[in-house]
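One-letter residues, chain by chain:
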Amino acid sequence: MKLSPRDTDAYCQRPDPKKTGLLIYGADAMRVALKRQQMLAALLGPGAEEEMRLSRMSASALRKDPAQLLDAVKAVGFFPGARAVFVEEANDTAAPAILAALEEWQPGDAQIVVTAGQLKATSKLRKGFESHPATYAAGLYDDPPSRAEIERILAAAQIRDVPSDSMSALTDIANDIGPGDFSRMIEKLSLYKHGDAAPLSLEDIQAIAPQSTEAALDDVLNVVAEGRTPEIGPLINRLQSQGTNAVTLCIGATRHFRTLYTVAADPGGPAQGIGRLRPPLYGKRRDRVQRQAQAWGADRLQRALTLLTDTDLQLRSAGQTAPALALMERALIRLAMLGRAR
């Protein structure tokens, strides 16, 4: 049977121990692994590995010894409780051994859990799980996590008092980073909030949110927008050491100043313009962008965007010979000086 994304989430939280097996497949290996971990933990409970109620094998090993899967499925355990056999990185070359084990499965045998990469609709492995009356096939795609999925991850980390603004910020972060990074971030958040009964705040999230080149880029753009000219050079050097090129920096600056212009040019004023941004901004970042837009005004922001457009064309010009980052640094200094002009 084929599971929809919603049904997959529900089933992996409460798997049926009487079923024969489950196939989880998708292009994102981390997303597949996390869903498999969730399902096996719910099916087997704690201590499954120590009690030898979980057997692991690779699909490549099955090609050499197809019978080992059926042997593991039929093996009688020493400890009571549900049992499972996990086959990882499967594809159609391992399908004969896996499908044969499905046909031989009897009540009381270990459940067969298989993970795979992206599988076509014509895949023998996928069709075998979808057509079998007692197995499920769950395809995972690169869609942003649902609110229910985020709430489940938070509940598993024992983070329950989450106001709406904090949930919106977490949703935005989950959409920007991979599922593995998001899960690790929630683990860090759980440790950060340990013993703290206060509701989850935006400051809590900002304290442990992943720091990357994007954070360094935000730093230099805020410095430019706030006219802090002496700080531009060191931050450019930091971005250069992280591998950021001039065109990427120019694109980021254009995006930032376009956001400021959208806020400043709103007919209702910056206070209304900041509320109409999509995706929305929250907390200190929202306040900072609003202050910058008010300080610049729409007219000067138009001039800033013109300067950035000219710089972008110069950077991409075939006849350009000057160092690209030096050109970009000069443009940012000019922007900072424009912002300070009254």
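Before reading on, note that the structure itself is shown above.
What you are looking at is a predicted structure, and each value in this text was computed from that prediction instead of being measured. (Residues numbered from 1 in each chain as written. Predicted model: local features only at pLDDT ≥ 70, side-chain atom pairs only at ≥ 80, totals over all residues. Heavy atoms only, no water.)

Peer 1: Got a minute to help me understand the overall build of the chain in this structure?
Peer 2: Within the chain, the secondary structure is distributed over 16 helices and six strands. For 342 residues, the compact-globule estimate of 2.2 N^0.38 gives 20 Å, and the C-alpha radius of gyration of the chain, at 27 Å, exceeds that figure by more than 25%. Counting only C-alpha atoms, the chain reaches 80 × 55 × 35 Å along its principal axes. Expressed as a percentage of its 342 residues, the buried residues of the chain come to 45%. Counted over contacts in the chain with a minimum sequence separation of 6, partners at least 24 positions apart contribute 73%. Summing over all exposed atoms, the chain offers an accessible surface of approximately 18000 Å²; the carbon and sulfur share of this is 52%. Here the chain contributes 42 positively and 40 negatively charged side chains, and the mean placements of these two sets differ by 4 Å. (Helix = DSSP H or I, 4+ residues; strand = E, 2+ residues; numbered from the N terminus. Rg over C-alpha atoms; globule rule 2.2 N^0.38 Å. Buried < 20%, exposed > 50% of the residue type's maximum accessible area, 1.4 Å probe, protein only. Contact = heavy atoms within 4.5 Å. Areas by Shrake-Rupley, 256 points an atom, 1.4 Å probe, with all protein chains shown as cover. Lys, Arg positive; Asp, Glu negative; His and termini not counted. Charge placed at Lys NZ, Arg CZ, Asp CG, Glu CD.)

Peer 1: Would you explain unusual backbone geometry in this entry?
Peer 2: Excluding glycine, most residues fall at negative phi; most peptide bonds, likewise, are trans. Phi angles above zero are rare outside glycine, and methionine 52 is one such case at about 55°. In this structure, methionine 52 sits in the loop between helix H2 (29-44) and strand S3 (54-58). We note that glutamate 89 has phi near 55°; this positive angle belongs to a residue other than glycine. Along the chain, the position of glutamate 89 falls in strand S4 (residues 84-90).

Peer 1: Please explain the sheet that holds strand S6 (residues 135-140) as it appears in this structure.
Peer 2: In a beta sheet, neighbouring strands pair by backbone hydrogen bonds and run either parallel or antiparallel. Read from one edge to the other, the open sheet built from six strands follows the order S1-S6-S2-S5-S4-S3, with strand pairing classed as parallel. Strands with a single pairing partner mark the edges of an open sheet, and in this sheet they are strand S1 (2-3) and S3. Sheet topology places strand S2 (residues 21-26) next to S6; six bridges connect them, and they run parallel. Bridge pairing in S6 links leucine 23 to alanine 137. (Pairing = 2+ DSSP bridges.)

Peer 1: Even after reading the chapter, I still don't get the packing of aromatic side chains, so can you show me in this structure?
Peer 2: Centre-to-centre distance and the angle between the planes together describe a pair of aromatic rings. One pass over the structure, following the stated rule, counts two aromatic pairs. Measuring from ring centre to ring centre gives 4.7 Å for tyrosine 11 and tyrosine 136, while their planes differ by 55°; the resulting arrangement is tilted. Taken together, the residues span a long stretch of sequence, with tyrosine 11 in helix H1 (residues 5-13) and tyrosine 136 in strand S6 at a distance of 125 residues. A single burial state applies to tyrosine 11 and to tyrosine 136, both of which are buried. Relative to tryptophan 296, the ring of phenylalanine 257 has its centre 5.2 Å away and its plane inclined at 80°; by these criteria the two rings are edge-to-face. With phenylalanine 257 in helix H13 (residues 246-264) and tryptophan 296 in helix H15 (residues 283-316), this residue pair connects regions lying 39 residues apart in the sequence. The exposure classification of phenylalanine 257 matches that of tryptophan 296, with both residues buried. Between the NZ or CZ atom of arginine 300 and the centre of the ring of tryptophan 296, over which it lies, the distance is 5.8 Å. (Phe/Tyr/Trp six-rings, centres within 6.5 Å; stacked < 30°, edge-to-face > 60°. Lys NZ or Arg CZ within 6 Å of the ring centre and 35° of its normal.)

Peer 1: What's the story with the layout of surface pockets in this structure? I'm lost.
Peer 2: Sizing a probe to match a water molecule and rolling it over the atoms shows the empty space that remains. Of the voids in this model, the second largest pocket is the one considered here, and its volume is about 920 Å³. Surrounding the second largest pocket, 38 residues form its lining, Lys35, Pro145, Glu149, Arg152 and Ile153 being those nearest its centre. Looking at the lining of the second largest pocket element by element, the count peaks at eight residues for helix H9 (residues 179-192). Across the lining of the second largest pocket, the residue classes break down as 17 nonpolar, 10 polar and 11 charged. (1 Å grid on protein atoms, 1.4 Å probe; cavity = no way out; pocket = protein on both sides within 12 Å on 5 of 7 lines; lining within 4 Å. Points joined across faces, edges and corners; volume = space filled by probe spheres on them. Nonpolar A, V, L, I, M, F, W, Y, C, P; charged D, E, K, R; others polar.)

Peer 1: Would you take a moment to explain the packing of H2 against H9 for this structure?
Peer 2: At a minimum axis distance of 8 Å, the contact between H2 and H9 shows a crossing angle of 50°. Of the possible angle classes, the one that applies to H2 and H9 is oblique. Contacts from Met30, Arg31 and Leu34 in H2 reach Pro179, Gly180, Ser183 and Arg184 in H9. (Axes fitted to C-alpha atoms, helices over the stretch in contact; angles between N-to-C directions. Parallel < 35°, antiparallel > 145°, perpendicular 65-115°, else oblique.)

Peer 1: Sorry if this is basic, but what is going on with the side chain of aspartate 9 here?
Peer 2: Residue position: aspartate 9 is located in helix H1. A polar side-chain atom of aspartate 9 sits 2.8 Å from a polar atom in the side chain of lysine 35. (Polar contact = N/O pair within 3.5 Å; in protein donor to acceptor, adjacent residues only side chain to side chain.)

Peer 1: What is the right way to read the side chain of threonine 311 from this model?
Peer 2: Mapped onto the elements, threonine 311 comes out in helix H15. On the basis of relative accessible area, threonine 311 is assigned to the buried category, the value being 7%. If sequence neighbours within four positions are ignored, threonine 311 has contacts with Met328 and Ala331.

Peer 1: How should I be thinking about H2 in this particular structure?
Peer 2: Structurally, the α-helix is built with 3.6 residues per turn, so residues lying three or four positions apart point the same way. Across its 16 residues, H2 extends 22 Å between first and last C-alpha, which sits within 8% of the 22 Å expected from 1.5 Å per residue. Along H2, the positions that sit buried rather than exposed are Arg31, Val32, Ala33, Lys35, Arg36, Gln38, Met39, Leu40, Leu43 and Leu44. One or two positions beyond H2, positive phi appears at glycine 45, with a value near 75°. (Expected span 1.5 Å × (residues − 1).)

By themselves, these are just geometric observations and shouldn't be taken as functional.
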